[in-house]
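Residue strings, one per chain:
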Amino acid sequence: MSPNVRKLMLGVLVLTASACVTINIYFPAAAAEKAADRIIDEVWQLRDGASAPARQPAEGKKP
Amino acid sequence: MKIAHLVCAVLMSASLSAVAQGNLEIDSPAIGALKQSMQQRHAQLAPLYQSGAVGIAADGSVALRSAASVPLAQRGQVNALISAENADRSALYREIARANGHPEWEGDVRKTFAERWVQRAQPGWWVQQGGGWVQK
């Protein structure tokens, strides 16, 4: 491989690496949706079979 | 040159899939505290969602939908609940953006949550859609 080709490859690699960093600046919508669902599950107690009354948790406690 | 192309393609696809499959950081102490506070408040809010007094707003907050369905004596308490919940929600969106090193994502986080709260609302609850209230 000639030194010129090597230089070119290195340049391409550096450019690619910086492109990777750039990509991360965009908002990761799918990951955010997953995160939102996890938090909503916990706050509304939709999964977690252990925490019993998921539907009407306040029914017997407060008017 | 071909090898360079190949390396480039592999790197690009690897980084794209890393983002696509990545998770947002939501385990900071601040986020944990907010989750717990909201979870506790939910016990009081759930009956209000069910009765339609309070609805899931389109902007990621909750709102008083029908003041008439809340007895006058309890309206102050319900308003306080709504304010506290919305303060926690705003803080939650801000903290998630911050915990991931992108405070500027706050608006996007809020938008994502707004869609998911509406989507995940239980049957009988009221949600804001297209400017009006709709019962799930």
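All values derive from a computational prediction rather than experimental measurement.

### Quick word on the pairing of strand β3 (residues 126-129) of chain B
Residue and element names in this part refer to chain B. Here β3 runs beside strand β4 (residues 132-135); their pairing, made up of 4 bridges, is antiparallel. Looking across to β4, one finds that Gln129 is bridged to Gly132. Once β3 ends, the chain turns through 2 residues before running back antiparallel as β4, passing Gly130 with a positive phi of about 55°.

### Describing the packing of aromatic side chains
The tally for this structure, following the rule as stated, stands at 7 aromatic pairs over all chains. Look at Trp44 of chain A and Trp125 of chain B: their rings are 4.8 Å apart centre to centre, the planes differ by 85°, and that puts the pair in the edge-to-face class. Separated into two different chains, Trp44 of chain A in helix α2 (residues 29-44) and Trp125 of chain B in the loop between α4 (106-120) and β3 make up a pair that spans both. For the pair Trp44 of chain A and Trp125 of chain B, one class covers both residues: buried. Ring geometry for Phe113 of chain B against Trp117 of chain B: centres 6.0 Å apart, planes inclined by 45°, an arrangement best described as tilted.

### A look at the confidence of the model for chain B
The predicted model of chain B has a mean per-residue pLDDT of 90, with 85% of residues at 70 or higher. Interface confidence for the predicted complex, expressed as ipTM, amounts to 0.83; the pTM equals 0.72.

### Side note on the nonpolar core
Ranked by size, the top nonpolar core spans 38 residues in total, and within it Ile56, Leu92, Ile96, Phe113 and Trp117 of chain B carry the most contacts. Elements represented by at least two residues in this core include exactly α2 of chain A together with α2 (29-51), β1 (54-56), α3 (72-99) and α4 of chain B. With residues near it in sequence (within four places) discarded, Trp117 of chain B still touches Ile40, Val43 and Trp44 of chain A together with Met38, Ile56, Gly60, Arg89 and Tyr93 of chain B.

Calculation rules
Residues numbered from 1 in each chain as written. Chains lettered and ligands numbered in written order. Predicted model: local features only at pLDDT ≥ 70, side-chain atom pairs only at ≥ 80, totals over all residues. Heavy atoms only, no water. Pairing = 2+ DSSP bridges. Helix = DSSP H or I, 4+ residues; strand = E, 2+ residues; numbered from the N terminus. Phe/Tyr/Trp six-rings, centres within 6.5 Å; stacked < 30°, edge-to-face > 60°. Buried < 20%, exposed > 50% of the residue type's maximum accessible area, 1.4 Å probe, protein only. pLDDT = per-residue confidence, 0-100. Core = buried A, V, L, I, M, F, W, Y, C linked by side-chain atoms within 4.5 Å. Contact = heavy atoms within 4.5 Å.

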